[in-house]
Amino acid sequence: MIGNDIVDLRLAALESDPMRPRFLNKVFTLREQAYIFKASTPLKQLWLLWTMKEAAYKAHQRQFSLPRNFNPLLQECTILCQSRDSASGEVKIGAWVYHLTSIVNEEYIHSSASINPGTQDGFWKIFSSSVDLRKHLSLDISQHYGIPANTVSFEKNSNFVPVLKHKNKIFPLAFSFSKHGKFGAFSRELMNY
Amino acid sequence: MTDSILLEKLKKIVTPYVQHKPGLDKFGEQTDLLNDLQINSANLVDVVLDVEDEFNIEIDNDSMDGMLTVGDAMNVIKSKTA
């Protein structure tokens, strides 16, 4: 299963003030807060952790067809490796571990989560938020699997999770969309079909 | 506190975070904070903090967990102020 999350850093700075202690305590464990305060750019580190936890939550919710909930302290994030423009990590939710790959720049942070380790089983693309992500994912799938884009459609299931249909049958490909501010992204698993 | 006063207070709290303003027209217990009002998840935390301040209560993460609709928020507030 796949989940992703993108944060437009410029917009986030206008919308939220997450460095307040009360905010931090509702969202980040003490271990995660230590990552934030040790970083050279704490606010950016906070959004990195945020996107990792959100992406993992989405993958988890889909994996187990769970109803929506909002309890970020139940997701514990560990950063395994970090450079100036990328990061990888793990998010534990209960007994499950999700593997995260993130890209970081001055404008946005994008994280993609997968239940399977290794970056090989996920693929993502970042766009301007004005584009139709569903259309771009359809085109991508059409190219990759050799099916006409106009036979692919999307529906939301009872947990508000989008599912892909090919000729009105469920197409078993895990994918996730995220949009924030100027940016939109899809993430999908790579599978043989 | 009557439900209508509670609703009015909640509406005032959430309004600055609402991305989909038409969603406020039918503001009521059924209103979904994420789907109908398109409040983003970071701002959902702000809503919880503002509710804590307004009603002088503490909302732990288990209570926050289920706060997805206006009705859910009303139930949390009622149980903490009872």
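Calculation notes
Residues numbered from 1 in each chain as written. Chains lettered and ligands numbered in written order. Predicted model: local features only at pLDDT ≥ 70, side-chain atom pairs only at ≥ 80, totals over all residues. Pairing = 2+ DSSP bridges. Helix = DSSP H or I, 4+ residues; strand = E, 2+ residues; numbered from the N terminus. Axes fitted to C-alpha atoms, helices over the stretch in contact; angles between N-to-C directions. pLDDT = per-residue confidence, 0-100. Parallel < 35°, antiparallel > 145°, perpendicular 65-115°, else oblique. Left-handed = near helix turned anticlockwise from the far one by under 90°. Contact = placed C-beta atoms within 7 Å. Nonpolar A, V, L, I, M, F, W, Y, C, P; charged D, E, K, R; others polar.

S.K.: Can you tell me about the sheet that holds strand β11 (residues 183–189) of chain A, naming the residues and giving the values?
M.R.: Residue and element names in this part refer to chain A. In space, the three strands of this open sheet follow the order β6-β11-β10, with antiparallel pairing throughout. Both outer strands of the open sheet, β6 (122–128) and β10 (175–180), are each paired with one neighbouring strand and no more. Within this sheet the neighbouring strands show an average axis-to-axis angle of 15°, counted without direction. In this sheet, β11 lies alongside β10 in antiparallel orientation, the contact comprising six bridges.

S.K.: Provide a residue-level description of the confidence of the model for chain A, including the pertinent values.
M.R.: With 97% of its residues at a pLDDT of 70 or more, chain A shows a mean pLDDT of 93. Averaged over each element, pLDDT in chain A is lowest for strand β8 (residues 162–166) of chain A (90) and highest for helix α3 (residues 30–38) of chain A (98).

S.K.: Outline unusual backbone geometry, listing residues and values.
M.R.: All names here are of chain A. With a phi angle near 50°, lysine 167 is a residue other than glycine that sits in the positive phi range. Here lysine 167 is to be found in the loop between β8 and β9 (169–170). Notably, asparagine 168 is not glycine yet its phi reads approximately 65°, a positive angle. Along the chain, asparagine 168 falls in the loop between β8 and β9.

S.K.: Help me get a handle on the packing of helix α1 (residues 3–14) of chain B against helix α2 (residues 41–55) of chain B, residues and values and all.
M.R.: The relative placement of two packed helices comes down to the angle between their axes together with the axis-to-axis distance. Residue and element names in this part refer to chain B. Remark: α1 packs on α2, axes separated minimally by 10 Å, with the N-to-C direction vectors making an angle of 135°. Considering the angle they form, α1 stands oblique to α2. For the pair α1 and α2, the crossing hand works out as right-handed. Touching Lys9, Ile13 and Val14 of α1 are Val47, Asp50, Val51 and Glu54, all from α2.

S.K.: Got a sec to walk through the interface of chain A and chain B? Specific residues and values, please.
M.R.: Contact with chain A, which involves 14 residues of that partner, is made by 15 residues of chain B. Here the element with the most residues in the side of chain A that touches chain B is helix α2 (residues 21–27) of chain A; it accounts for four residues. Looking at the side of chain A that touches chain B, its residues break down into six nonpolar, three polar and five charged.

S.K.: Residue-level account of the confidence of the model for chain B, with values.
M.R.: Residues and elements named next belong to chain B. Per-residue confidence for chain B gives a mean pLDDT of 95, with 100% of residues at or over 70. Confidence scores differ between elements of chain B, with helix α3 (residues 61–65) showing the lowest mean pLDDT of 92 and α1 the highest of 97. Two numbers describe this predicted complex: its pTM, 0.93, and its ipTM, 0.93.

S.K.: So what about the pairing of strand β4 (residues 96–104) of chain A? Which residues, and what values?
M.R.: All names here are of chain A. In this sheet, β4 lies alongside strand β3 (residues 86–93) in antiparallel orientation, the contact comprising eight bridges. Residue pairing for β4: isoleucine 93 is matched across the bridge by tryptophan 96. Hairpin connection from β3 to β4: two residues lie between these consecutive antiparallel strands, with glycine 94 at a positive phi of about 60°. Bridge count between β4 and strand β5 (residues 108–114): six bridges; the pairing is antiparallel. When the sheet's bridge partners are listed, histidine 99 is paired in β5 with serine 114. Linking β4 back to β5 in an antiparallel pair, the connection comprises three residues.

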